[in-house]
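Here's the letter readout for the chains.
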Amino acid sequence: MIQEKITVGLGTEFPLKGMLVLPDKIEKPVPAVVFVHGSGSSNMDEKVMKLTPFKDLAEGLAAHGIASIRYDKRSFAHGMKMIRDKNTVITVKEETIEDAVMAAEMLRKDKRIDSENIFIIGHSMGAMLAPRIDAEGGNFKGLILMAGTLRTLEEVMKEQMAEQLTSMNKLLKFIAGKQMNKMIAAFNGMYEKNDEEAKKIKMGGGTTLYYFKEMGKHRAADYLNQTEKPLLIMQGEKDFQVKAKIDFTGYQKLLKGRKNVTFKLYEGLDHAFVSYITENIAEAKKEYGVERHIGEDVIDDIANWIIKNRG
């Protein structure tokens, strides 16, 4: 494979280091994917402790003749700069959407890339945003949603916080519970507040309540109902961050009967699509602290789906 260092958003206020990965031999323009991160700040490999999902996928897809572009998330590369900017209230548009659209445009301008066959791979929150990114300028050939959900971000966070509390001792539960209850109370009244009120309520990590409200008003299900593009929905059966019984089945119900939708549920795999260690969200450090890599079965399924849906 060929690896080239690139910069997404070169010349903008927030340039991002990235990597363009290409197959070894390019006899004609090849299909390509844009990777979109999950929540939080992460580098171009989507590194979480010992795991590097995007690096695994990029290298695996290159072996199948598929190029890819990945890049540091804006909040990873410029987090403090974003927080200090008093003129902008951070939303997923600034944090994620704008950069994904620019990455897609970079691929379209590369003569080695088949500009008509550029796909998006969104992981976790990236999967939640992928349909919106496509509609707001991404213009992808098809969408690959890995470990996503149709629920809102605050719904998932409330569930995760409740599960974490159950495993804590009394002192930690008391301390964490007060903070979590404050967040939950803000979430519960969120849509009744006007935008200016929501922008004044700080939620940590440089975000305000408006970050969640704005995202919640642009639900993935609404975009998926409006698109006719091919979709690949993927989920690890042992995922404790989004749930197969809730989230994967939610996609199945929404998209039932659609001929161009493929569903893949992987037994024994976790949120990062590697073999699971624990099903307890409170032991996330244990889950992500052991090096593993995405298997050939997952990579093969993605590559075969892209080739099948290539125009």
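See the structure printed just above.
Below or above, wherever it landed, is the structure these notes cover. (Residues numbered from 1 in each chain as written. Predicted model: local features only at pLDDT ≥ 70, side-chain atom pairs only at ≥ 80, totals over all residues. Heavy atoms only, no water.)

Once that is clear, we can look at helix H9 (residues 209-216). Of all 8 residues that make up H9, 8 are buried, and the element is covered over most of its length. Among the residues of H9, those classed as buried are Leu209, Tyr210, Tyr211, Phe212, Lys213, Glu214, Met215 and Gly216. (Buried < 20%, exposed > 50% of the residue type's maximum accessible area, 1.4 Å probe, protein only. Helix = DSSP H or I, 4+ residues; strand = E, 2+ residues; numbered from the N terminus.)

Next up on the list: the packing of helix H4 (residues 92-108) against helix H5 (residues 125-138). Relative orientation of the contacting elements H4 and H5 amounts to 60°, with a least axis distance of 10 Å. By the criterion of interaxial angle, the relationship of H4 to H5 is oblique. Considering the relative orientation of H4 and H5, their crossing is right-handed. Of the residues in H5, those touching H4 at Val92, Lys93, Glu95, Thr96, Ile97, Ala100, Val101, Ala104, Glu105 and Arg108 are Met125, Leu129, Arg132, Ile133, Glu136, Gly137 and Gly138. Grouping the amino acids of the contact of H4 with H5 by side-chain chemistry returns 8 nonpolar, 3 polar and 6 charged. (Axes fitted to C-alpha atoms, helices over the stretch in contact; angles between N-to-C directions. Parallel < 35°, antiparallel > 145°, perpendicular 65-115°, else oblique. Left-handed = near helix turned anticlockwise from the far one by under 90°. Contact = heavy atoms within 4.5 Å. Nonpolar A, V, L, I, M, F, W, Y, C, P; charged D, E, K, R; others polar.)

Here we take up the packing of helix H1 (residues 53-62) against helix H13 (residues 296-309). As a packed pair, H1 and H13 sit with axes 10 Å apart at the nearest point and diverge in direction by 55°. The angle between H1 and H13 places the two elements in the oblique class. Where H1 crosses over H13, the two elements pack in a sense that is right-handed. Contacts between H1 and H13 involve Asp56, Leu57, Gly60 and Leu61 on the former and, on the latter, Ile299, Ile302 and Ala303.

So, on to the pairing of strand S9 (residues 231-236). Of all 6 residues in S9, 6 are buried, a share of seventy percent or more. Residues Leu231, Ile233 and Gln235 line one face of S9 and the alternating positions Leu232, Met234 and Gly236 line the opposite face, and both faces are buried. At this point the chain moves from S9, through helix H11 (residues 244-254), to the parallel strand S10 (residues 261-266), and the crossover so formed is right-handed. (Right-handed = clockwise from strand over helix to strand, strands pointing away.)

What follows deals with the side chain of Asp270. Inspection of the secondary structure assignment puts Asp270 in the loop between S10 and helix H12 (284-288). At a separation of 3.3 Å, a polar atom in the side chain of Asp270 contacts the side chain of Arg292. Setting aside anything within four residues of it in sequence, one finds Asp270 in contact with Gly236, Lys238, Asp239, Ser275, Tyr276, Glu287, Tyr288 and Arg292. (Polar contact = N/O pair within 3.5 Å; in protein donor to acceptor, adjacent residues only side chain to side chain.)

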